[in-house]
Amino acid sequence: MHTAVEWKEGRLRLLNQTLLPVQTEYIECTDWQRVATAIQRLEVRGAPAIGAAAAFGLLLGAMEVTHTPDDFASKLFVIAEKLKATRPTAVNLFWAIDRMLRVWEQNQAKEVPGLIQAMEQEAIQIAAEDVQVNRRISVLGAQLFTAPASVLTHCNAGALATVGFGTALGVIRQAWSDGNIIRVFADETRPLLQGARLTAWELMQESIPVTLITDNMAGWVMKNNMVQAVIVGADRITLNGDVANKIGTYSVAVLAKEHRIPFYVAAPLSTFDFTKQTGDEIPIEERSAAEVTRLGGQPIAPAGVDVFNPAFDVTPNQLVTAIITEYGILRAPYDISIARIKKGGPE
Ligand SMILES: CSC[C@H]1O[C@H](OP(=O)(O)O)[C@H](O)[C@@H]1O
């Protein structure tokens, strides 16, 4: 499986996900600005993946400003704020950058080489932890599937959205190998087609049976009993269990409720925002009109048409059957179950 974020011998490589599934090309990032651009363009995307990319981006920034120790701190915080400004919804971005800044603060008395080394170790740790956490989420989540089933997923919450193995697709990988998931129905996920371009590609790489559908087919697939569960990722989860995820997730959750199909969310602790009580407080990224009015570089709508292009929506906790985390499977009432894991403690 290709890795979305790679740090080797002081070099950051990002798999350019805008070119998938046609081309597998990597972007060599030698400065923080290129990382910021990659996040904004969704060349790297997915909450944990952009968190890890931003952590290495801040490290590249720190390496750049170390020659000016007197204003090192102010320059580092400027870079951190610019990386934070790349995309507003996935809380992992802010969590990872703040974690790197804490390491800087704890080591700022060190000489520059020691300080940079401490920050590099932290970024490497963030990346390594993500893979371990996803494997834990996957083992726990697979326990929800006790008999062969087909599932629907939306967008891409796979290895490509993380540093490795994936969250929702990680559960699918594990349940597939257990023999308890026999087919995946992947929503194409307009407008940027993460499902068609990334999820279908990821699953086919491992010969996991996948059926691609357009977003407006999800209801009919459920009505015809073609799936027995839905599982998606998340970009931000609030204290009451509201879930921000790719636009279209809310519609899938409403359909799942109507058809009495369990709606599962798989997400690490780093996707929880313990400063927000409800999903109403989550900033929802709005992106360019061109993402909706153009496809493959060709116009598919009249020039100048008004467009609304929110990249995420919020699924209220009442529609969420369970949230699968590395600390256990959370169920309603989420304000209680989430409070228990708030300090990183097991469920
Ligand atoms: C495992 S988090 C994946 C999450 O991120 C995606 O958004 P984007 O492709 O815009 O970064 C989508 O919401 C996925 O569920």
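This structure is a prediction, so every number in the text was calculated from the model and none was measured. (Residues numbered from 1 in each chain as written. Predicted model: local features only at pLDDT ≥ 70, side-chain atom pairs only at ≥ 80, totals over all residues. Heavy atoms only, no water.)

(A) Representation of the packing of helix H2 (residues 47-65) against helix H5 (residues 112-142) in the model. At their nearest, the axes of H2 and H5 sit 10 Å apart, and the two run at 170° to each other. Classified by the interaxial angle, the pair formed by H2 and H5 is roughly antiparallel. Contacts from Pro-48, Ala-52, Ala-55, Phe-56, Leu-58, Leu-59, Ala-62 and Met-63 in H2 reach Ile-116, Met-119, Glu-120, Ala-123, Ile-124, Ile-126, Ala-127 and Asp-130 in H5. Of the residues contributing to the contact of H2 with H5, the split by class is 14 nonpolar, no polar and two charged. (Axes fitted to C-alpha atoms, helices over the stretch in contact; angles between N-to-C directions. Helix = DSSP H or I, 4+ residues; strand = E, 2+ residues; numbered from the N terminus. Parallel < 35°, antiparallel > 145°, perpendicular 65-115°, else oblique. Contact = heavy atoms within 4.5 Å. Nonpolar A, V, L, I, M, F, W, Y, C, P; charged D, E, K, R; others polar.)

(B) The UniProt feature "binding site: substrate" (unreviewed entry) in the protein chain, seen in detail. According to UniProt, the feature "binding site: substrate" (unreviewed entry) maps to Arg-45, Gly-46, Ala-47, Arg-87, Gln-194, Asn-245 and Lys-246 in the numbering used here. Lining of the largest cavity among the annotated residues: Arg-45, Gly-46, Ala-47, Arg-87, Gln-194, Asn-245 and Lys-246. Here Ala-47 is to be found in helix H2. Ala-47 gets classed as buried once you look at its relative accessible area, which sits at 3%. In this view, Ala-47 contacts Ala-90, Asn-92, Ala-161, Ala-234 and Asp-235; residues no more than four positions away in its chain are not counted. Structurally, the position occupied by Lys-246 is in strand S9 (residues 243-246). Judged by its relative accessible area of 6%, Lys-246 falls in the buried class. With near-sequence residues (within four places) excluded, Lys-246 lies in contact with Arg-87, His-154, Cys-155, Thr-189, Gln-194, Asp-235, Ala-311, Phe-312 and Asp-313. (UniProt positions renumbered as here; feature names shortened; annotations may be inferred. 1 Å grid on protein atoms, 1.4 Å probe; cavity = no way out; pocket = protein on both sides within 12 Å on 5 of 7 lines; lining within 4 Å. Buried < 20%, exposed > 50% of the residue type's maximum accessible area, 1.4 Å probe, protein only.)

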